[in-house]
There are 2 protein chains.
Amino acid sequence: MSLKLTILGCHSATPRSHAHPTSQYLEINGEHLLIDCGEGTQMQLRKYKVKFSRISRIFISHLHGDHFYGLIGLISTLSLLNRKNELHVYGPKGLKEIILLQLKLSKSWVDYPLIFHELDSKSSELIYESEKIQVHTVPLNHRIYTNGYIFREKPFPRKLDMQSVLRHKEIQTCDYQNLKDGKDFITSKGETIRNAQLTLDPPKPLAYGYCSDTAYSEEIVQYLQGVDLLYHESTFLETHQDLAESTRHSTAREAASIASKAQVQKLILGHYSGRYKDLNLFLEEAQQEFKDSELCEAGKVFELNNPDR
Amino acid sequence: MSLKLTILGCHSATPRSHAHPTSQYLEINGEHLLIDCGEGTQMQLRKYKVKFSRISRIFISHLHGDHFYGLIGLISTLSLLNRKNELHVYGPKGLKEIILLQLKLSKSWVDYPLIFHELDSKSSELIYESEKIQVHTVPLNHRIYTNGYIFREKPFPRKLDMQSVLRHKEIQTCDYQNLKDGKDFITSKGETIRNAQLTLDPPKPLAYGYCSDTAYSEEIVQYLQGVDLLYHESTFLETHQDLAESTRHSTAREAASIASKAQVQKLILGHYSGRYKDLNLFLEEAQQEFKDSELCEAGKVFELNNPDR
């Protein structure tokens, strides 16, 4: 019933000793997910004491190395750790071939069900749905086929207003589920008691949007509308606008502009190019457009809890 | 004119936050080589301030992930760093396919000549020779096709004994190379001055033997004879002899036994299984068989210099 995001790495390619490539661990409404998996992700998972076994699904944005070179190592390690549960991997077409070739040549087939969901649609699509969450893709504009992802809690049932419910003697425990589902109550005399009189609004489902890597693209705003927490890459500062355009990355100002247009609650920045020594310049630039911006760094945790839960 | 080995990682699979998988950086007689390349090797290279650009050749022992999952990342990073020089990669058949598939799918072809030398011979062979060094394979006994490597300095020319040379007025500067090559000097009167009277023994070429991963195998002793420094894996202690046999790894005592039989100068141990908390047990076990044993750890440097150079 909450959203907790742990940054495992948030720098762009050419990993340095303390600048890990992209990976994030997301706990959302009780599900445990990994988003991108740059080289060294499994070491970072250990460093930040994430229980490997809990991760059920991995979402890879695109096949540039700083977003997936750690995947084969993690998959192998899960096997060495005697995983038995299914592991679902979502990512661009080709990812399965890369992983299976390596497992084949090392004669190290994994003992758990490893299920690939390869993506090639250029439209946003629902790629995973459980009782708890939904995951949609966000088509991004990068040099190769790339998806962002939106992770949403499913709507919660309405909450019973017990004071009001107990005043109506005819309402039995077996009616509660209908009330939580938003239905009105019909008495034995055929009178309607409106659901709004018997229940309270449930907590608003939380949503997290992940957009990396991408050029500035207003197209994505429609999908991100009202997301609580948005990660949007900011590889460059606007002093390097030309580089951002030629490499199809974004500047901090552009990331903030998307956050502002999509009316998100909070923006987090990352995927910094190695050329910048002072990361605060990203924050300053973004905050000119969107005040509630924050920098990612490895080990940082962003946690959202709806106050009325 | 020396041998300097930097340990970048020396633990077996399932990398932990401070237990990096196998990789070693070897400087031998002016050549700069990388041996195995587990995940995170490029971060370790940066941590220990190795200049990436110097590495000219990479030797992969086998296709288990803890020995090569870091290779694709390093190859990509070298491209991002604008490498132009050739990079030669030696390793089992299949390695090229793994690397090229990933470069293809990420549309990130490298801008420097990347040359694969795929190995499939089950006999020891000379796989690289320059003016300075020779590299031979050592066929190992592991669960998949695996090679160890021996890196040897080429024999050095004999050193002129200038006091003696200058006593013989007929010897000109242009004769020096012949003397260094071991030839006798013939005077104008046809007299022979033996080379041993005019020159001194050159320094003994240094050699480094790398054996990982392998079950105990006396077969390899013949190749390792007289090597100065030997790395031999010691995944287990002899309390787990059964595991060593079933997984085709070695115990510390077995590593030491090979060192003793091959009459090497120094043995270094590594590839420790994650089950052991106290690595000193490896050292104690090995030293019972071979006194000059030492433990590897990331960042440790082993340096050999022939005193008479």
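Residues numbered from 1 in each chain as written. Chains lettered and ligands numbered in written order. Predicted model: local features only at pLDDT ≥ 70, side-chain atom pairs only at ≥ 80, totals over all residues.

1. Re the interface of chain A and chain B
Facing 33 residues of chain A, the contacting portion of chain B comprises 33 residues. Its residues placed into classes, the side of chain A that touches chain B shows 12 nonpolar, 14 polar and seven charged. (Contact = placed C-beta atoms within 7 Å. Nonpolar A, V, L, I, M, F, W, Y, C, P; charged D, E, K, R; others polar.)

2. So, helix 4 (residues 95-105) of chain A
Listed in full, the buried residues belonging to helix 4 of chain A are L95(A), I98(A), I99(A), Q102(A) and L105(A). For helix 4 of chain A, the angular spread of the buried residues around the axis is 140°, confining them to a single face. Buried residues belonging to helix 4 of chain A abut helix 2 (65-68), helix 3 (71-80), strand 5 (87-92) and strand 6 (114-119) of chain A together with helix 4 (95-105) of chain B. Just beyond helix 4 of chain A, the residue with positive phi is K107(A), at close to 50°. (Buried ≥ 20, exposed ≤ 12 C-beta atoms within 10 Å, placed from the backbone. Helix = DSSP H or I, 4+ residues; strand = E, 2+ residues; numbered from the N terminus. Arc of directions from axis to C-beta.)

3. Here we look at the domain arrangement of chain A
As assigned here, chain A comprises domain 1 (3-156 + 203-304) and domain 2 (159-200). The C-alpha centroid of domain 2 of chain A is placed 43 Å from the C-alpha centroid of domain 1 of chain A. (Domains from an automatic or database assignment.)

4. Focus: the nonpolar core
Among the nonpolar cores identified, the biggest contains 138 residues, and F151(A), Y208(A), L267(A), F151(B), Y208(B) and L267(B) are the most heavily contacted of them. Not counting the four nearest positions on each side in its chain, L267(B) is found in contact with L230(B), H232(B), A255(B), A256(B), A259(B), A286(B), F290(B), D292(B) and S293(B). (Core = buried A, V, L, I, M, F, W, Y, C linked by C-beta atoms within 7 Å.)

5. Digging into the relation of the copies chain A and chain B
Superposing chain A onto chain B requires a rotation of 180° together with a translation of 0.0 Å along the rotation axis, leaving an RMSD of 0.1 Å. The two molecules are tied by a two-fold rotation axis, judged by turn and shift. The position closest to the rotation axis in chain A is occupied by the C-alpha of G40(A), lying 2.7 Å away. Both copies present the same face, since 100% of the interface residues in chain A are matched by interface residues at the equivalent positions in chain B. (Least-squares fit on C-alpha atoms with pLDDT ≥ 70 in both.)

6. Describing the packing of helix 4 of chain A against helix 4 of chain B
How two helices sit against one another is set out by the angle between their axes and by the gap between those axes. Taken N-terminus to C-terminus, the directions of helix 4 of chain A and helix 4 of chain B make an angle of 175°; their axes are 10 Å apart at the nearest point. Classified by the angle between their axes, helix 4 of chain A and helix 4 of chain B sit roughly antiparallel to one another. Mapping the contact onto sequence places E97(A), I98(A), L101(A), Q102(A) and L105(A) in helix 4 of chain A and E97(B), I98(B), L101(B), Q102(B) and L105(B) in helix 4 of chain B. Looking at side-chain class alone, the contact of helix 4 of chain A with helix 4 of chain B contains six nonpolar, two polar and two charged residues. (Axes fitted to C-alpha atoms, helices over the stretch in contact; angles between N-to-C directions. Parallel < 35°, antiparallel > 145°, perpendicular 65-115°, else oblique.)

7. Topic: the packing of helix 10 (residues 252-261) of chain B against helix 11 (residues 280-289) of chain B
Residues and elements named next belong to chain B. Where helix 10 contacts helix 11, the two axes come as close as 8 Å, and the packing angle between them is 35°. In this structure, the crossing between helix 10 and helix 11 has a hand that is right-handed. Contacts between helix 10 and helix 11 involve A252, R253, A255, A256, S257 and S260 from the first element and F282, E285, A286, Q288 and E289 from the second. By residue class, the composition of the contact of helix 10 with helix 11 is five nonpolar, three polar and three charged. (Left-handed = near helix turned anticlockwise from the far one by under 90°.)

8. Considering helix 10 of chain B
Residues and elements named next belong to chain B. Across the 10 residues that make up helix 10, a large majority, eight, are buried. Taken together, the buried positions of helix 10 are A252, R253, E254, A255, A256, S257, I258 and A259. On the buried face of helix 10, the contacting elements are helix 8 (221-224), strand 15 (229-233), strand 16 (266-270), helix 11 and strand 17 (293-295).

9. What about the sheet that holds strand 2 (residues 23-28) of chain A?
All names here are of chain A. Read across the open sheet, the seven strands follow the order 6-5-4-3-2-1-18; overall the sheet is mixed. Looking at the sheet topology across the chains shown, the edges are occupied by strand 6 and strand 18 (301-304). For this sheet, the mean inter-axis angle between neighbouring strands, taken without regard to orientation, is 20°. By the bridge criterion, four bridges tie strand 1 (residues 3-9) to strand 18 in an arrangement that is antiparallel. Residue T6 lies in a different strand from strand 18, and its bridge partner there is V301. Across the sheet, helix 4 touches strand 5 and strand 6, and the angle it forms with strand 6 is around 150°. (Pairing = 2+ DSSP bridges.)

10. A few points about the environment of F282(B)
All names here are of chain B. Inspection of the secondary structure puts F282 in helix 11. Taking the C-alpha atoms as reference, F282 lies 8.1 Å from R253; in sequence the two are 29 residues apart. Not counting residues within four places of it along the chain, the set of residues in contact with F282 comprises S234, L237, A252, L269, Y272 and L295.

11. Structural notes on the confidence of the model for chain A
Per-residue pLDDT for chain A has a mean of 94; in total, 97% of the residues score no lower than 70. Model confidence for the complex is summarised by a pTM of 0.91, with the ipTM given as 0.88. (pLDDT = per-residue confidence, 0-100.)

12. Description of unusual backbone geometry
The residue after S212(A), namely D213(A), is reached through a cis peptide bond having omega -5°. Positioned with a positive phi, N29(B) is a non-glycine residue whose angle comes to about 50°. Structurally, the position occupied by N29(B) is in the loop between strand 2 (23-28) and strand 3 (31-37). At N82(B), a position not held by glycine, the phi torsion is positive, near 65°. Relative to the elements of secondary structure, N82(B) occurs in the loop between helix 3 (71-80) and strand 5 (87-92). What makes N82(B) exposed here is the crowd of 9 C-beta atoms within 10 Å.

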